[in-house]
Amino acid sequence: MCVAVPGKVVEVTDFTGKVDFQGNIIDVNMALVDAQAGDYVLVHAGCAIEVIQKDTADEILELFAELESLKYES
């Protein structure tokens, strides 16, 4: 199973971007998408694979948080 993580694009230079993942700024390959600073992207294996809406990114992050909380309930 593969998981893509949403992040907010902070900066784009050529085919590389800096993406904010909940406070962690990571260099990401942006060659597959047309994203600008302020956009949200799904990132898998260091590559942005899709531009998404902010509400979609928030929903995915909420689901990740819910899964994390379930881990500690048992």
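Note that the structure is a prediction, hence the values are computed from the model and not measured. (Residues numbered from 1 in each chain as written. Predicted model: local features only at pLDDT ≥ 70, side-chain atom pairs only at ≥ 80, totals over all residues. Heavy atoms only, no water.)

A cluster of nonpolar residues, Met1, Val3, Val5, Phe64, Leu67 and Leu70, forms a patch on the protein surface that exposes about 620 Å² of accessible area. Per element, the largest residue contribution to the nonpolar patch is three residues, and it comes from helix H1 (residues 54-73). Its location among the elements puts leucine 70 in helix H1. (Patch = residues over 30% accessible without salt bridge, like charges linked within 9 Å, V, L, I, M, F, W, Y side chains within 5 Å. Areas by Shrake-Rupley, 256 points an atom, 1.4 Å probe, with all protein chains shown as cover. Salt bridge = Lys/Arg side-chain N within 4 Å of Asp/Glu carboxyl O. Helix = DSSP H or I, 4+ residues; strand = E, 2+ residues; numbered from the N terminus.)

A positive phi angle, near 50°, is found at glutamine 22, a position not held by glycine. Residue position: glutamine 22 is located in the loop between strand S2 (16-21) and strand S3 (24-29). Glutamine 22 gets classed as exposed once you look at its relative accessible area, which sits at 67%. The phi torsion at alanine 45 lies on the positive side, around 55°, for a residue other than glycine. Within the secondary structure layout, alanine 45 lies in the loop between strand S4 (40-44) and strand S5 (47-52). (Buried < 20%, exposed > 50% of the residue type's maximum accessible area, 1.4 Å probe, protein only.)

Further remarks concern the pairing of S3. The sheet contact formed by S2 and S3 spans six bridges and is antiparallel. In the strand pairing of S3, phenylalanine 21 is matched with asparagine 24. The loop that links S2 with its antiparallel partner S3 comprises two residues; one of these, glutamine 22, has a positive phi angle of about 50°. (Pairing = 2+ DSSP bridges.)

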